[in-house]
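Next come the chains, spelled out residue by residue.
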Amino acid sequence: MSAPTRRRSPPATLSLKHAFEVEQARRDAERHAREEAERRQQEEDLARSEQLYDAVIGDPAFLARHGLTVDWRRYTVIVESETFRIRAYFEAGKASVTVGDKRHVAATGAAAPVKREEADSVADALRLMAQFLADEIH
């Protein structure tokens, strides 16, 4: 039996260069998919914060009657009075809703969170803000 003959060069489809290019293309596609998913999530979070802001400012007379101001900053809706701050921050499809006491802001530089809960929807975030507001306004 004779020894098999060896080829001097491998077939064109089997090469380090080709495998490298395939791997680079795969990684680029994965990176692009992650970036696109993150962009869509950020758009969704922004839209949710805008929806919540619109719901909160819907009755200016109510806000004025209770001495409340409302601010919106990208993913965050803030309802404030002289003594407390309620904040809803949207990230990764959820809202983190906190209430903090502003009476001790001078010492810490920020309203210290007293309560924090998570919400899965704009309606849930609005409900939590209303609960926290009811707790603060006796």
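Data block above holds the structure.
One structure accompanies this document, and this report is about it. (Residues numbered from 1 in each chain as written. Predicted model: local features only at pLDDT ≥ 70, side-chain atom pairs only at ≥ 80, totals over all residues. Heavy atoms only, no water.)

A look at the pairing of strand E2 (residues 76-80)
Next up, step 1: For E2, a buried count of five out of five residues is recorded, marking the element as mostly surrounded by other parts of the structure.
Next up, step 2: Alternating residues of E2 divide into Thr-76, Ile-78 and Glu-80 and Val-77 and Val-79, and every residue in both groups is buried.
Next up, step 3: Sheet topology note: the strand E1 (residues 69-73)/E2 ladder contains five bridges and is antiparallel. Residue pairing for E2: Asp-71 is matched across the bridge by Ile-78.
Next up, step 4: Hairpin connection, E1 to E2: the antiparallel pair is bridged by two residues, and Arg-74 has positive phi, about 50°.
Next up, step 5: Sheet topology note: the E2/strand E3 (residues 84-91) ladder contains five bridges and is antiparallel. Paired with Glu-80 across the strands is Arg-85, a residue of E3. (Buried < 20%, exposed > 50% of the residue type's maximum accessible area, 1.4 Å probe, protein only. Helix = DSSP H or I, 4+ residues; strand = E, 2+ residues; numbered from the N terminus. Pairing = 2+ DSSP bridges.)

Here we look at the pattern of salt bridges
Next up, step 1: Evaluated as defined, the whole model comprises 16 salt bridges.
Next up, step 2: With a shortest N-O distance of 3.8 Å, Asp-28 and Arg-31 are connected by a salt bridge. One end of the pair, Asp-28, and the other, Arg-31, are both in helix H1 (residues 16-56), three residues apart, so they sit about a helical turn from each other.
Next up, step 3: Accessibility expressed as a relative area gives 36% for Arg-31, which makes it partly exposed.
Next up, step 4: Notably, a salt bridge pairs Glu-36 with Arg-40, separated by 3.6 Å at the nearest N-O pair. With Glu-36 and Arg-40 both in helix H1 and four residues apart, this pair spans about one turn of that helix.
Next up, step 5: Here the salt bridges do not stand alone but share partners, grouping Glu-23, Arg-26, Arg-27 and Glu-30 into one network. (Salt bridge = Lys/Arg side-chain N within 4 Å of Asp/Glu carboxyl O.)

Description of the layout of surface pockets
Next up, step 1: Space inside the largest pocket adds up to approximately 150 Å³.
Next up, step 2: Every residue along the wall of the largest pocket is listed here: Ala-55, Val-56, Phe-62, Leu-63, Leu-68, Val-79, Ile-86, Leu-126, Met-129, Ala-130 and Leu-133.
Next up, step 3: When residues of the lining of the largest pocket are traced back to their parent elements, those giving at least two are H1, helix H2 (60-65) and helix H4 (122-136).
Next up, step 4: Here the element with the most residues in the lining of the largest pocket is H4; it accounts for four residues. (1 Å grid on protein atoms, 1.4 Å probe; cavity = no way out; pocket = protein on both sides within 12 Å on 5 of 7 lines; lining within 4 Å. Points joined across faces, edges and corners; volume = space filled by probe spheres on them.)

Side note on H4
Next up, step 1: The end-to-end C-alpha distance of H4, which contains 15 residues, comes to 21 Å, matching closely the 21 Å that a straight helix rising 1.5 Å per residue would cover.
Next up, step 2: Of all the residues in H4, the buried ones are Val-122, Ala-125, Leu-128, Met-129, Phe-132 and Leu-133. Each buried residue of H4 lies within a common arc of 140° when the element is viewed along its axis, so the set occupies one face. Away from the buried face of H4 by more than 90 degrees, exposed residues Ala-123 and Ala-134 are located. (Expected span 1.5 Å × (residues − 1). Arc of directions from axis to C-beta.)

Distances and angles like these do not, on their own, reveal function.
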